[in-house]
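Each chain is listed here by its residues.
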Amino acid sequence: MELSVVIPSYNEEESLPHLLEWIASVVGKEGLEYEVIIVDDGSSDGSWNVIQNLVATYPGVVKGVKFRRNYGKSAALNVGFQRAKGDVVITMDADLQDSPDEIPELVRMIRDEKYDMVSGWKKVRHDPLSKTIPSKLFNSVTRYISGIKLHDFNCGLKAYNVEVVKTIEVYGEMHRYIPLLAKEAGFYRIGEKVVTHYERKYGVSKFGIERTIKGFLDLLSVSFMGKFGKRPMHLFGGLGTLMFFFGLLSAMWLGGKKLWYVYNGLTMTMLTNTPHFYLALTCMILGTQLFLAGFLAELVTRNAPDRNNYLIKSEIGIES
């Protein structure tokens, strides 16, 4: 199989037939052997009936998966990735805002230019300001934290080498950070392509302003897991040690100051009447707690069944 197209769908019964016809027209001209996997994310409209009709219309090409309830885009993508058989995997949204005309060039970039993944960049967007402004802020922060020079992390139109989608796990709301997940898994050839973005033709957007807040929380989560997921002591232990010694040095300075005043017969306010004493004590307590938290997290990590699961790209000269 040369190409798999994974389409997460939620209440897009009007768009799906047009999208499949468009994909078939574009891919047919290229002569590619392909499949289309539509994951119905618990739609409440007639999407599943439409998908069943599409499976009958495009036998052996269209495949459908239906969730019992709405789990979210990440879950739909992960299930689609598990079932994809193509050497190149392309994802796109079902709302007709992503253009299948981009498929040939995306496939070429993966095949010929040897990119691990290529992310679309909706340079000209046909969305309201309530979506575009938070998106620009979100992308700027993500670009800074991740170090990946992409303009549009959340574009639904992406292309992957199949090895990428079989290696990473997309869960929760992590579909926004697939480039970061790929990078953490050792896939560094991440490219970008300007893609055409169309106005929504049917239905309404399924995303609200709350996704921006969730997005930043997810960014912190995936960044933490990538850097400290297998070595939590490096973070908690380091912060704990730093805070403890800051508190200890502060307490020693206060104690030394008190002794100097006493030795010279000078009057000094009681240490327990100064805020500095309690700040030093608080730092020592918090430092100890952070260190213990890191120690406990390290124990949990070392007893995890996948603690030594490393991503091996290839082997040579190894006999089983």
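Heads up: these notes are all about the structure in this document. Values in this document were obtained by computation on a predicted structure and should not be read as measured data. (Residues numbered from 1 in each chain as written. Predicted model: local features only at pLDDT ≥ 70, side-chain atom pairs only at ≥ 80, totals over all residues. Heavy atoms only, no water.)

Here we come to the pattern of salt bridges. Under the criterion given, the structure shown has 7 salt bridges. For the salt bridge of Glu 2 with Arg 111, the shortest nitrogen-to-oxygen distance reads 2.9 Å. Placement of the pair is Glu 2 in the segment before strand 1 (3–9) and Arg 111 in helix 4 (residues 103–111), with a sequence separation of 109 residues. Overall, the relative accessible area of 33% leaves Arg 111 in the partly exposed class. Across the pair Glu 113 and Arg 108 runs a salt bridge, and its minimum N-O distance is 2.5 Å. Taking the relative accessible area as the measure of exposure, Glu 113 reaches 29% and is therefore partly exposed. What emerges from the salt-bridge pattern is a single network uniting Glu 105, Arg 108 and Glu 113. (Salt bridge = Lys/Arg side-chain N within 4 Å of Asp/Glu carboxyl O. Helix = DSSP H or I, 4+ residues; strand = E, 2+ residues; numbered from the N terminus. Buried < 20%, exposed > 50% of the residue type's maximum accessible area, 1.4 Å probe, protein only.)

A separate point is the nonpolar core. Judged by nonpolar contacts, the single largest core of 35 residues is most densely connected at Leu 3, Ile 7, Ile 23, Val 36 and Ile 90. Ignoring any residue separated from it by four or fewer positions in sequence, one finds Ile 23 in contact with Val 5, Ile 7, Gly 28, Tyr 34, Val 36, Met 92, Pro 100 and Ile 103. Val 6, Val 39, Ala 76 and Leu 180 belong to the second largest nonpolar core, which has 33 residues in total. (Core = buried A, V, L, I, M, F, W, Y, C linked by side-chain atoms within 4.5 Å. Contact = heavy atoms within 4.5 Å.)

A few words on the sheet that holds strand 2 (residues 34–40). Judged by pairing direction, the sheet is mixed, and its 7 strands sit side by side in the order 3-2-1-4-6-5-7 without closing on themselves. Sheet topology places strand 3 (62–66) and strand 7 (190–194) at the edges, where each strand pairs with a single neighbour. Within this sheet the neighbouring strands show an average axis-to-axis angle of 20°, counted without direction. Bridge count between strand 5 (residues 117–121) and strand 7: 5 bridges; the pairing is parallel. (Pairing = 2+ DSSP bridges. Axes fitted to C-alpha atoms, helices over the stretch in contact; angles between N-to-C directions.)

Relative to the 22 Å expected for 16 residues at 1.5 Å per residue, helix 1 (residues 15–30) spans 23 Å between its end C-alpha atoms, a close match to the ideal helical length. Among the residues making up helix 1, those that are buried are Ser 15, Leu 16, Leu 19, Leu 20, Ile 23, Val 26 and Val 27. The buried residues of helix 1 occupy one face: seen down the axis, they fall within an arc of 135°. Exposed positions of helix 1 whose direction lies more than 90 degrees from the buried face are Glu 21 and Lys 29. On its buried face, helix 1 is in contact with strand 1, strand 2, helix 2 (47–57), strand 3 and helix 4. Taken from the residues just after helix 1, Gly 31 is the one with a positive phi, measuring 70°. (Expected span 1.5 Å × (residues − 1). Arc of directions from axis to C-beta.)

Turning our attention to helix 9 (residues 232–263). Between its first and last C-alpha atoms helix 9 spans 46 Å; for 32 residues at 1.5 Å apiece the expected length is 46 Å, and the two agree. Among the residues making up helix 9, those that are buried are Pro 232, Met 233, Gly 237, Gly 240, Gly 247 and Leu 254. Positive backbone phi, approximately 70°, marks Gly 265, located one or two places after helix 9.

On to the packing of helix 1 against helix 2. The contact between helix 1 and helix 2 brings their axes to 9 Å, and the two run at 30°. Here helix 1 lies roughly parallel to helix 2, going by the angle between them. The two elements helix 1 and helix 2 meet at a crossing, and its hand is right-handed. Between helix 1, through Leu 16, Pro 17 and Leu 20, and helix 2, the contact on the second element is made entirely by Ser 47, Val 50, Ile 51 and Leu 54. Looking at the contact of helix 1 with helix 2 residue by residue, the class counts come to 6 nonpolar, 1 polar and no charged. (Parallel < 35°, antiparallel > 145°, perpendicular 65-115°, else oblique. Left-handed = near helix turned anticlockwise from the far one by under 90°. Nonpolar A, V, L, I, M, F, W, Y, C, P; charged D, E, K, R; others polar.)

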